[in-house]
Amino acid sequence: MNGSGPDADIVVSSRVRLARNLRDLPFPYLATNSQLEAVLERVRRALGQEALAPYRFTWIPMDELDEIDKRVLVEKHLISPLLAEEARKGAVAISEDERISIMVNEEDHLRIQVLFPGLQLAEAWQLASRIDDALEAALNYAFHERRGYLTACPTNVGTGIRASVMVHLPALVMTQQVGRILTAIHQVGLVVRGLYGEGSEALGNLFQISNQITLGRSEEDILENLHGVVKQVIEHERTARRSLLETNRLKLEDRLSRSFGILSHARIIESKEAIQRLSDVRLGVDLGLFRGVTPATLNELTVMTQPGFLQRWAGQALTPEQRDERRARLIRERLNRAAGGES
Amino acid sequence: MMCQECGQRPATLHFTKIVNGDKTEFHLCERCAREKGELIPGMSNTFSIHNLLSGLMNFDVPTHTGHPAQALRCNVCGLTYTQFSKTGRFGCPACYEAFDAHLEPLFRRLHGATAHTGKVPARAGGVMRLARELERLKAELKQAVAREEFERAAQLRDRIRQLEAQIDHA
Ligand SMILES: [Zn+2]
Ligand SMILES: [Zn+2]
């Protein structure tokens, strides 16, 4: 994720996921090992088509990865924890640019995922649909005239689409407007997930907004609805940022700069504090406070300071204390390098 | 407060999940939250959705067929309706047909609709058109035979064989 893309000051990423199944086999949780192998075999063959060659997919069976490798893929959002931890005979195909990942034998036989930086829902859907068409040319999908694409879980039936946008809303959180806005979002059939720390503060001020309904509306309708709501949320966040700057610039700059100071000097840092401070620095970058640091650096750090990445970087399993130390070192070095100081 | 999952470590993560306006609070330790895939925002996760679903399905399903829903079973994968309503998951694509008479209220509650209006796959959609055509030809064949129009019946039979082969190879 390079931190670019439309509205990248607020939207971290846009994701579209399509759930698909083969017509003549049980869903993965009920399938026998040989049926799961049949799914792997057929999907793998379908991926060999000429139409898919430009994406240069790498095929990775889950049982060929160790725990740390799997965790890294989870942290990069290329696979789900379910595929990493529970799937028997699961696999993932990942495109060379890592924008597309196709999970096999997760909850459904196929989960086609496309992840773009910034607000690019329509683009993500077009690419996902193209991959879907190419796979469908070689696979018999479970499709029902009235119910649409048949999925293991009734919450995905119909279009099988789950579109989600990850937004960074620090000013709405600071000005305590976020609760009201999120409530309004629920009322239009969307789901918001955030990770809550103490009080009402979401960890890292990151929220994921996604569609809930998959049946009875077209993909375009679903995406338009989500896009429209996200656009409004972006406007509210921008307004809140402006008003914070007008009324409280010194206090705001002080807070963001302190976070930058801690991240660029700390020797030990827990993941929760790191995520929260990185959120402050991200806001500071968006407001032009810290030169040299880019959203790309911050996205990278958000992923790289998670346990899987830290352990891969270290080349070994680490205790939580060792992780806190390595995390602090990694952030310190990156931020100082980006800002042109010494580490 | 202790973690609601393991009950062993203090709960350090407190969050609320709202699905269609229903609020559920979670109090978890970091480890359990990670195991549940909740710690990293943006991750798909399935743990609570199935609990929620079985809550939705455990209401008395009106029977249109005269058979209680509980007696239904998918004859392809063997899943019973009772199992389905407990796990909130279908066993195979054929379950949708097997439980069809009882799915409308569920879909209406989950999606506010019961019929798909989105993308249609080229192949499966093609098969669907062929299947509909096949039904029509078979009905016509019956009539032709009844009217003793044997030449017409022979033509229809050839066309039906062709279509069946096409569907088999799709
Ligand atoms: Zn726990
Ligand atoms: Zn079944």
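Residues numbered from 1 in each chain as written. Chains lettered and ligands numbered in written order. Predicted model: local features only at pLDDT ≥ 70, side-chain atom pairs only at ≥ 80, totals over all residues. Heavy atoms only, no water.

Under an unreviewed UniProt entry, chain B has the name UVR domain-containing protein and belongs to Calditerricola satsumensis.

## Observations regarding the overall build of chain B
Counting secondary structure elements, chain B contains 7 helices and 2 strands. Reading the helices (α) and strands (β) of chain B from amino to carboxyl end gives β-β-α-α-α-α-α-α-α. Taking all 170 residues of chain B together, 42% fall into the buried category. Across chain B, the fraction of contacts at a sequence separation of at least 24, relative to all contacts at a separation of at least 6, is 35%. (Helix = DSSP H or I, 4+ residues; strand = E, 2+ residues; numbered from the N terminus. Buried < 20%, exposed > 50% of the residue type's maximum accessible area, 1.4 Å probe, protein only. Contact = heavy atoms within 4.5 Å.)

## Remarks on helix H1 (residues 33–46) of chain A
All names here are of chain A. Under the 1.5 Å per step criterion, the end-to-end length of H1 is 20 Å for 14 residues, consistent within 8% with the ideal 20 Å. Looking only at H1, the buried set comprises Leu36, Val39, Leu40, Val43 and Ala46. Taken end-on, H1 shows its buried residues confined to a sector of 130°, consistent with a single buried face. Away from its buried face by more than 90 degrees, H1 exposes Ser34 and Arg45. In this structure, the buried residues of H1 make contact with strand E2 (58–61), strand E3 (91–94), strand E4 (100–104), strand E5 (110–117) and helix H4 (121–136). (Expected span 1.5 Å × (residues − 1). Arc of directions from axis to C-beta.)

## Thoughts on the pairing of strand E1 (residues 11–20) of chain A
All names here are of chain A. Most of E1 is tucked away: 10 of the 10 residues are buried. With 7 bridges joining them, E1 and strand E8 (residues 161–168) adopt antiparallel strand pairing. Considered in E8, the bridge of Arg17 is made with Arg162. Taken together, the 8 bridges between E1 and E5 define a ladder with antiparallel strand orientation. If you follow Arg20 over to E5, its bridge partner there is Leu110. (Pairing = 2+ DSSP bridges.)

## Re unusual backbone geometry
Residues other than glycine seldom take positive phi values, yet A:Glu98 does so here, at roughly 65°. In this structure, A:Glu98 sits in the loop between E3 and E4. Among the residues examined, A:Glu98 registers a relative accessible area of 34% and is labelled partly exposed. One non-glycine residue with positive phi stands out, namely B:Glu148, at about 60°. When its relative accessible area of 59% is taken as the criterion, B:Glu148 is described as exposed.

## Brief notes about the coordination of the zinc ion (ligand 2)
Residues and elements named next belong to chain B. Taken together, Cys74 (SG), Cys77 (SG), Cys92 (SG) and Cys95 (SG) make up the protein donors of the zinc ion (ligand 2), found 2.3 Å from the metal. Because the angles between the 4 donor atoms bound to the zinc ion (ligand 2) fall within 95 to 125°, the donor set is best described as tetrahedral. The sequence pattern formed by the donor residues of the zinc ion (ligand 2) is C-x2-C-x14-C-x2-C. Here Cys74 is found in the loop between helix H2 (47–57) and helix H3 (81–87), whereas its partner Cys95 is found in helix H4 (residues 95–98), with 21 residues between them in sequence. Cys95 matches Cys74 in its accessibility class, with the two residues each being buried. (Donors = N, O, S within 2.8 Å, 3.2 Å for Na, K, Ca; no water. Tetrahedral: all angles 85-135°; square planar, octahedral: opposite > 155°, others 65-115°.)

## Here we look at the pattern of salt bridges
Residues and elements named next belong to chain A. Per the counting criterion, the structure on display carries 35 salt bridges over all chains. For the salt bridge of Asp7 with Lys231, the shortest nitrogen-to-oxygen distance reads 3.0 Å. Within this pair, whereas Asp7 is found in the segment before E1, its partner Lys231 is found in helix H7 (residues 219–265), the two being separated by 224 residues in sequence. Judged by its relative accessible area of 36%, Lys231 is partly exposed. For Arg258, the salt bridge is made with Asp254, and the minimal N-O distance between the two is 2.8 Å. Of this pair, Arg258 and Asp254 both sit in helix H7, 4 residues apart, which is roughly one turn of the helix. Overall, the relative accessible area of 53% leaves Arg258 in the exposed class. (Salt bridge = Lys/Arg side-chain N within 4 Å of Asp/Glu carboxyl O.)

## What to know about helix H6 (residues 178–187) of chain A
All names here are of chain A. Val178, Ile181, Leu182, Ile185 and His186 are the residues of H6 that are buried. Down the axis of H6, the buried set is contained in an arc of 145°. They therefore lie on one face. What points out from H6, more than 90 degrees from its buried face, is the exposed set Arg180 and Gln187. Immediately beyond the C-terminal end of H6, within one or two residues, lies Gly189, with a positive phi of roughly 80°.

## Here we look at the environment of A:Asn105
Residues and elements named next belong to chain A. Tracing the sequence through the fold places Asn105 in the loop between E4 and E5. Placed 22 residues apart in sequence, Asn105 and Leu83 show a C-alpha to C-alpha distance of 7.6 Å. Discounting residues that sit within four places of it in the chain, Asn105 has contacts with Pro28, Leu36, Val39, Leu40, Leu83, Ala87, Arg88, Lys89 and Gly90.

## Section: the nonpolar core
By size, the foremost hydrophobic cluster in this structure holds 86 residues, and its most contacted members are A:Val16, A:Ile102 and A:Leu135. Leaving out residues up to four positions away in the same chain, A:Ile102 has contacts with A:Leu47, A:Phe57, A:Ala91, A:Val92, A:Ala93, A:Leu110, A:Arg111, A:Ile112, A:Ile131 and A:Leu135. Ranked by size, the runner-up nonpolar core spans 20 residues in total, among them A:Phe27, A:Val157, B:Tyr96 and B:Leu103. (Core = buried A, V, L, I, M, F, W, Y, C linked by side-chain atoms within 4.5 Å.)

## Observations regarding the state of the cysteines
Per the stated rule, a full pass over the model turns up 0 disulfides over all chains. This cysteine, A:Cys153, is not joined by any disulfide, and B:Cys95 carries the nearest cysteine sulfur, 13 Å off. (Disulfide = S-S within 2.5 Å.)

## Let's talk about the packing of helix H8 (residues 271–286) of chain A against helix H9 (residues 295–304) of chain A
Residues and elements named next belong to chain A. Two elements in contact, H8 and H9, have axes separated by 10 Å at closest approach and are oriented at 170°. The angle between H8 and H9 places the two elements in the roughly antiparallel class. Every residue of H9 that contacts H8 at Leu278, Val281, Arg282 and Val285 is listed here: Pro295, Leu298, Asn299, Leu301 and Thr302. For the contact of H8 with H9, the residue count by class is 6 nonpolar, 2 polar and 1 charged. (Axes fitted to C-alpha atoms, helices over the stretch in contact; angles between N-to-C directions. Parallel < 35°, antiparallel > 145°, perpendicular 65-115°, else oblique. Nonpolar A, V, L, I, M, F, W, Y, C, P; charged D, E, K, R; others polar.)

## What to know about the packing of helix H10 (residues 307–314) of chain A against helix H11 (residues 320–339) of chain A
All names here are of chain A. At their nearest, the axes of H10 and H11 sit 10 Å apart, and the two run at 85° to each other. Our classification of the angle between H10 and H11 gives roughly perpendicular. Facing Pro307, Leu310, Gln311, Trp313 and Ala314 of H10, the residues of H11 in contact are Arg323, Arg326, Arg327 and Leu330. Class assignment for the residues of the contact of H10 with H11 results in 5 nonpolar, 1 polar and 3 charged.

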